[in-house]
Each structure stands twice: as C-alpha cells, then as structure tokens.
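# Survey of secondary and tertiary structure
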Amino acid sequence: MNKFEQLGLNESLLLAIKDLGFENPSEVQEKAIPVLLEQNTDLVALAQTGTGKTAAFGFPLIQKIDAEDRSTQALILSPTRELCLQITNEIKQYSKYIKGLHTVAVYGGASITEQAREIKRGAQIIVATPGRMQDMINRGLVNIKNINFCILDEADEMLNMGFYEDIVSILSDTPDEKNTWLFSATMPAEVARIAKKFMHDPAEVTVGSKNSGSKTVSHEFYLVNARDRYEALKRLADANPDIFSVVFCRTKRDTQAVAEKLIEDGYSAAALHGDLSQAQRDGVMKAFRGRQIQMLVATDVAARGIDVDNITHVVNYQLPDEIETYNHRSGRTGRAGRLGTSIVIITKSEIRKINAIEKIIQQKFEEKTIPSGIEICEIQLLHLANKIKDTEVDHEIDNYLPAINEVLDGLSKEELIKKMVSVEFNRFIAYYKKKRDLSGEKGGDRERSSEPREIRAGDPVRYFVNIGARDDFDWMQLKDFLKETLDLGRDDVFKVDVKEGFSFFNTDGEHTEKVMSVLNGFDLNGRRINVEISKNDGGGNSSRRDHNGRSGGGRREGGFRGERSSSPRGGGAFGPRSESRGESRSSDRGPRREGGFTRGSAPRGESSERAPRNERRSDSAPRRSDSSAPRERRPRRS
Ligand code: ADP
Ligand code: MG
C-alpha cells in the first residue's frame with residue numbers, strides 16, 4: 001500500500017498524487033492528514049516554508065468537500081495574490097479527478113465582479129487574500145455563512161502584513177461550527193491570539209522545533225545614551241559595510257529626519273513613510289530592491305509587507321510603541337532560510353522592554369557594544385582590500401595607464417598598496433581617532449572635558465537652537481512651536497530666550513532625546529533646524545552671544561556635538577554649517593575625500609564597486625549608484 005493511501009486518502013486523490021509525482025508524504029502531511037481526515041477538529045500546524053503545507057490541508061479538504069453540493073464550503077485565506085494563485089492551482093491539480101469540484105481565486109487587482117460571477121456559478125472552495133475577501137463580503141458578493149472549513153495559510157505572514165483586522169472580521173462572518181485549520185511557519189503572539197480567539201481545542205502539529213520567531217534571525221541590543229542614538233546607528237552601518245537594512249523609527253518625522261541625516265553624512269539611505277506619494281514610495285522601493293539604497297528608514301506602517309529578500313539587518317532605531325510590532329519588524333530579515341540580524345538601539349530607561357520582547361519571541365537577545373573606532377577601521381580596511389581584489393578592471397583604463405605609471409613610478413608594491421588603501425581609508429582613521437566609544441552604560445571614554453555631561457530625567461537641559469526673531473518667533477511663538485513640534489505639554493518647554501538668529505530653551509532631561517532627534521534636521525520652511533545642548537543649563541548663556549546668527553549658522557567649532565556634522569562616509573563630510581561659516585575647508589574635522597577613489601568626487605568610486613562576495617547576494621549589479629545617494633546638500637535659505 002502506498003504511503004498516501006495509508007494516510008487514508010481516497011482513489012481520486014491518489015491518482016492525482018501519482019500524476020504530481022509525489023512519492024512519499026512530507027512530515028507535516030504525514031502528521032496532519034490523518035488527523036484532519038478522521039476528526040472534525042480545529043488544527044494548528046507549524047512547519048517551515050517549503051514543507052508541503054498546501055497538500056497537508058489540501059488533500060483532506062478535498063476529500064471532505066461534497067462536490068455534489070455547489071455551495072461554498074471552504075475558505076482558504078492566504079497573504080498575497082501570488083500565493084493565492086499558487087494555492088488555487090495546486091488545489092485544482094489535486095482535485096482534477098473529482099467531477100464538479102470548483103475552486104476560485106479571489107484577490108485584488110483583478111475584476112471583482114468576474115470573481116463574484118465565478119463563485120456564483122458554484123465554487124466549493126474559495127482561495128482569497130484577506131483584503132479582497134473583506135471587500136467582497138462588504139459588497140454582498142459572497143456568502144461564507146455556511147462554510148464548514150476555514151484555512152488560514154501562512155498565518156504569520158498575513159499578520160505580518162497587517163491583515164489582523166480583516167481576518168478577525170472575515171472570521172466573524174463564518175459559522176461557529178466550522179473547523180479552522182491554521183498553517184504557519186512561526187507562532188508569534190498575534191498568531192497565538194487568533195488561534196485562541198477563533199479556535200476550539202485545536203489539534204497541534206509541529207514539524208521541526210517549535211519557535212516563535214524565525215530561527216534564522218538573531219537578536220541583539222546595544223545600550224547607548226539617548227544622545228548617541230544616531231551616532232550608534234552610523235557606527236553599526238560602518239561596522240557592516242555590506243549592510244542592506246530596514247531602519248525602523250516610530251514616527252514619520254523621525255523617519256524623515258534620520259534618513260536625511262544619513263544621506264547628509266554620505267550613506268545610501270532613503271525614507272519610506274506615509275507622507276510620501278505612492279509614486280515616491282514606489283521609487284524608493286525600486287531603488288531599495290535594486291540595492292541602490294543600503295538603509296531604508298521606515299515607519300512600521302510603510303514597511304508592512306516589504307518582501308525584499310536578503311535584508312541583512314533590521315535596525316530598531318527606536319522600539320515600537322507596541323512591542324508586539326517588534327516581530328513584524330524582525331520578520332523582514334532572515335527570510336527564505338537566510339540568516340539575518342535584528343538590532344535594537346536602546347537606552348537604559350527602555351531596557352525592560354527587551355525582557356518583554358524576549359518573552360514574545362521566545363528567543364534571547366545578545367547584549368553587544370557599539371564597535372569602537374579601531375574595530376570599525378579594521379573592518380573597513382578589510383572590506384576595502386576585498387573590494388580592490390574583486391574589482392573588475394575596465395580596459396578602457398589602459399589608455400590612461402602610461403600617464404599614471406609615470407606618476408607612480410618608483411613606488412614599491414608595498415608602498416603602492418599602502419597609499420592606495422590610505423586614499424580611501426585615511427578619513428575613517430581620522431574620523432574615528434577622535435571619537436569616544438559609545439558603550440552607553442559601560443562607561444566609555446569620557447575624559448574629554450568638552451564631552452557632555454550625563455543627561456538624566458529630572459534634570460533641566462538647556463538647548464541652543466539656530467532659529468530666532470529673524471524667523472518671526474517671539475518667545476511665546478517659539479514655545480508654542482516647540483511644544484507642538486515635540487508634542488510636549490504646557491510646561492515642558494521653559495526659559496525660552498529668543499535672540500535675533502538663535503534662541504535658547506529648556507526641557508526636562510527626559511525629553512532630551514526627543515528634542516535632539518525631532519528638531520535636528522527639522523525643515524522649517526526650507527531651513528534646517530540645528531539644536532545643540534548648551535553646556536549652561538539655564539538663564540541665558542553669555543558665551544553664546546557672539547553667535548550673531550549670521551546666516552543662521554552659528555555652530556560651534558569643537559563644542560558639544562560639533563564633530564557630529566562630519567562623518568567618515570564623506571559625502572556630506574563638510575556639513576552645510578561649516579561652509580556657511582566660510583571656514584577653511586582644509587580643517588581636519590571632516591574626513592575629506594580628495595582622490596578619485598572616494599565617493600565625494602565624480603565619477604564616484606562606488607560605480608566600480610562589485611556586488612559583495614557574500615553569497616547571500618546573488619545579483620551582480622552595483623548596490624549603490626551615484627544617483628541613489630542624493631549627496632547634494634539642500635541650499636540654505638538665509
Ligand atoms: P509550503 O506551503 O509548506 O511552503 P508547498 O505546499 O508550497 O509548501 O510545497 C512546496 C513544494 O513541494 C511544492 O512544489 C509542492 O508541489 C511540493 N510538494 C508538496 N508535497 C510534496 C510531496 N509529498 N512530495 C514531493 N513534493 C511535494
Ligand atoms: Mg504555503
């Protein structure tokens with residue numbers, strides 16, 4: 001007796017299985033099929049992608065359908081149109097020897113009336129995406145009030161894509177007596193919630209080990225001081241030169257601000273959030289898919305359903321308000337059996353959230369420290385060496401070689417290597433040489449007197465901001481603007497002191513992180529706000545008075561965060577401020593890029609960059625293109 005026969009499948013299915021060439025049932029089929037055939041039960045089945053789940057529910061379902069009755073008896077919900085069509089196709093093949101059994105696919109982007117007509121003609125099985133199904137129900141085009149079976153396929157993905165409400169609503173339109181079969185690769189909290197809410201004492205089938213998050217994702221957190229959040233992000237990017245990531249922020253504004261800062265600092269980044277037009281979003285996603293963007297900074301809503309493979313890192317720049325959302329974020333990486341890392345940048349006050357997330361994902365976080373400048377330099381150096389090794393030579397260059405040889409004549413191979421590497425690398429060394437470590441609570445190198453003091457909740461913090469009377473603010477208006485922009489309460493902004501081209505104000509230390517992240521880079525009618533923490537914590541600051549606000553620049557040289565405007569990535573190495581100050585460009589504060597190998601010059605080095613050797617990347621297109629990182633600084637209005 002054939003193995004499928006042993007499971008209890010009938011003749012017409014066995015014939016179809018033979019045609020399909022399936023010889024032995026897979027593990028999930030072996031476990032699920034007999035249970036579903038023999039009992040009228042709910043079922044939760046967990047098995048990885050590609051383990052044959054469609055047949056695991058498809059075979060018993062087909063056997064249990066009454067093909068003589070033309071009414072709708074089963075609803076299969078699946079996350080995407082592609083899966084929906086794939087399942088429909090499989091079910092049709094499985095049931096090809098059963099006369100009168102009809103399966104209809106219902107999904108968005110095709111005629112809803114045509115789909116409704118097909119159902120009317122008699123379809124016992126409907127395979128649908130939740131969105132379109134909900135539409136059909138709302139329009140009264142389908143009746144699922146008498147179905148016997150509801151199957152939630154790829155339940156985790158459906159929930160990942162934000163279909164929770166649709167699913168709940170669709171299920172509430174089905175009879176209580178039906179059987180619900182839930183198939184999923186993972187069992188995150190939301191899936192468990194659905195199971196608990198809509199299933200009665202379900203049978204359980206688990207293939208491989210039970211885990212909630214994807215096993216292929218490792219979770220790390222980095223404890224930093226609130227003010228170091230952005231710097232930490234940059235370092236993580238620098239320490240992972242091949243990073244291909246989604247960076248999650250909580251709000252649209254933060255998303256935009258972080259992306260802009262990254263771009264300004266020379267990273268290939270872009271923002272994805274709901275304030276962009278559909279066309280803009282499509283453009284960003286296209287560039288991301290094409291690897292022209294390495295860091296996609298996104299809100300949770302906008303990143304829903306991002307189905308880009310090979311994402312190496314998910315970065316929680318800020319944790320989501322609802323910790324359950326963490327699962328959705330980290331699920332963007334580690335797909336299709338590849339490895340991925342989910343990183344959380346966190347401050348001390350948020351640390352308990354890590355424990356809560358660990359409970360949900362049933363996985364432990366590893367606490368890590370932000371790499372030091374030396375470590376980053378080592379990584380970058382090795383990366384550069386590999387890049388040189390892997391660069392394919394365009395023989396156009398032969399024409400120029402005689403002239404180049406003439407210049408370089410007399411250098412030994414060793415000298416040449418040293419110099420070539422230094423061209424690209426000096427800026428990293430120079431940049432990181434003077435940076436302290438960022439290991440939040442672990443201390444770090446704080447001996448520099450110019451370094452800021454620790455900011456604590458409860459302490460007032462005074463800020464310097466580059467907007468003032470010239471921007472039509474008096475103290476009341478500025479206070480209102482700050483309260484509104486920062487979403488703070490009536491008394492949260494105080495000691496507002498407006499000067500001509502700049503101002504001061506105070507908040508409690510608990511708001512400092514928000515002040516810095518929201519205000520810095522904020523676009524005030526074309527002008528970018530720059531805010532710094534004043535060393536003085538109240539009542540004016542005479543040392544500031546010599547900032548006469550010329551062109552609103554007023555950024556202190558060497559003062560707190562003064563070095564922030566520079567970045568080893570180069571593109572924006574010289575921030576707009578230093579230029580507007582008209583200061584010497586030969587200052588060593590920004591790692592300048594002078595040579596032809598650097599990104600700051602044209603043609604940029606990246607155009608010759610090959611796809612990394614890392615086998616996780618299969619495409620050979622350059623990941624970054626010059627056009628993708630808008631390096632041009634926005635002209636300042638003054
Ligand atoms: P999952 O839903 O678990 O990701 P699918 O149901 O899509 O997996 O099946 C993956 C592939 O394996 C399909 O091409 C399917 O036809 C095939 N398959 C399923 N069951 C068997 C089997 N018993 N023997 C051989 N191939 C199978
Ligand atoms: Mg499947």
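Calculation rules
- Residues numbered from 1 in each chain as written.
- Chains lettered and ligands numbered in written order.
- Predicted model: local features only at pLDDT ≥ 70, side-chain atom pairs only at ≥ 80, totals over all residues.
- Heavy atoms only, no water.
- Buried < 20%, exposed > 50% of the residue type's maximum accessible area, 1.4 Å probe, protein only.
- Helix = DSSP H or I, 4+ residues; strand = E, 2+ residues; numbered from the N terminus.
- Pairing = 2+ DSSP bridges.
- pLDDT = per-residue confidence, 0-100.
- Contact = heavy atoms within 4.5 Å.
- Near = heavy atom within 4 Å.
- Polar contact = N/O pair within 3.5 Å; in protein donor to acceptor, adjacent residues only side chain to side chain.
- Areas by Shrake-Rupley, 256 points an atom, 1.4 Å probe, with all protein chains shown as cover.
- Nonpolar A, V, L, I, M, F, W, Y, C, P; charged D, E, K, R; others polar.
- Salt bridge = Lys/Arg side-chain N within 4 Å of Asp/Glu carboxyl O.
- Arc of directions from axis to C-beta.
- Axes fitted to C-alpha atoms, helices over the stretch in contact; angles between N-to-C directions.

What follows deals with the pairing of strand E6 (residues 179-184). The side chains of a regular strand alternate between both faces of the sheet. Among the six residues that make up E6, six are buried, leaving the element largely enclosed by the rest of the structure. Pairing of strand E1 (residues 43-46) with E6, which is carried by four bridges, proceeds in the parallel orientation. Residue pairing across strands places Leu46 opposite Ser184, the latter belonging to E6. In this sheet, E6 lies alongside strand E5 (residues 149-152) in parallel orientation, the contact comprising four bridges. Residue pairing across strands places Phe149 opposite Asn179, the latter belonging to E6.

The next thing to look at is the confidence of the model for the protein. Taken as a whole, the protein shows an average pLDDT of 79; of its residues, 79% reach a score of 70 or greater. Contacts from residues 440-452, a stretch scored under 50 in pLDDT, to residues over four places away or in other chains number 23 contacts. pLDDT under 50 marks residues 570-638. Its contacts with residues more than four places away, or in other chains, come to 162 contacts.

To continue, consider the site of ligand 1. Taken together, 15 residues surround ligand 1, and among them Asn24, Gln29, Gly50, Lys53 and Thr54 come closest. In the environment of ligand 1, a nitrogen atom lies 2.8 Å from a nitrogen or oxygen atom belonging to the side chain of Gln29. In this structure, an oxygen atom belonging to ligand 1 sits 3.4 Å away from a side-chain N or O atom of Glu90. Protein burial of ligand 1: of its 570 Å² of free accessible surface, 71% is covered by the chains. Mapped by element, the contributors of at least two residues to the shell around ligand 1 are helix H4 (53-64) and helix H5 (81-94). Its residues placed into classes, the shell around ligand 1 shows three nonpolar, ten polar and two charged.

Moving on: the pattern of salt bridges. If you walk through the whole model with that rule in mind, you get 20 salt bridges. A salt bridge links Lys234 to Glu231; its shortest N-O distance comes to 3.9 Å. Of this pair, Lys234 and Glu231 both sit in helix H11 (residues 229-239), separated by three residues, roughly a single helical turn. For Lys234, a relative accessible area of 1% gives the class buried. One salt bridge in this structure joins Arg250 and Asp321, with 3.8 Å as the shortest N-O distance. Remark: Asp321 occurs in the loop between strand E12 (313-316) and helix H15 (325-330) and Arg250 occurs in the loop between strand E9 (245-248) and helix H12 (252-264); sequence separation between them is 71 residues. Overall, Asp321 belongs to the exposed group, its relative accessible area being 63%. If you follow the salt bridges from partner to partner, you end up with Glu231, Lys234, Arg235 and Asp265 in one network.

Okay, helix H6 (residues 112-120) next. Of all the positions in H6, only Ile112, Gln115, Ala116 and Ile119 are classed as buried. Considered in projection along H6, the buried side chains sweep an arc of 100° and stay on one side of the axis. Here the buried face of H6 lies against strand E3 (103-106), strand E4 (125-128) and helix H7 (130-138). A positive backbone phi angle near 115° is found at Gly122, which sits one or two residues after H6.

What follows is about the sheet that holds E3. Strand pairing in a sheet relies on backbone hydrogen bonds. The paired strands run either parallel or antiparallel. Across the sheet, seven strands lie side by side as E3-E4-E2-E5-E6-E1-E7; this open sheet has parallel pairing. For this open sheet the edge positions go to E3 and strand E7 (203-206), each flanked by a neighbour on one side alone. On average, each strand axis in the sheet is tilted by 15° relative to the strand beside it, whichever way the strands run. Pairing of strand E2 (residues 74-77) with E5, which is carried by four bridges, proceeds in the parallel orientation. Bridging from a neighbouring strand, Leu75 pairs with Cys150 of E5. Contacts between H4 and the sheet are confined to E2, E4, E5 and E6, with E6 contributing the most and set at about 165° to the helix.

Strand order in the open sheet made by the four strands is E16-E17-E15-E20, with antiparallel pairing throughout. Looking at strand neighbours, the two that pair on one side only are strand E16 (494-498) and strand E20 (531-533), the edges of this open sheet. Neighbouring strand axes in the sheet, compared pairwise and without regard to direction, differ in orientation by 25° on average. As judged from the three bridges shared by E16 and strand E17 (residues 503-508), these two strands associate in the antiparallel manner. Within E17, the position partnered with Asp497 by the bridge is Phe504. Helix H20 (residues 475-486) contacts E16 and E17 of the sheet and is inclined by roughly 125° relative to E16. Against the sheet, helix H21 (residues 512-519) engages strand E15 (460-465), E17 and E20, with an angle of about 150° to E20.

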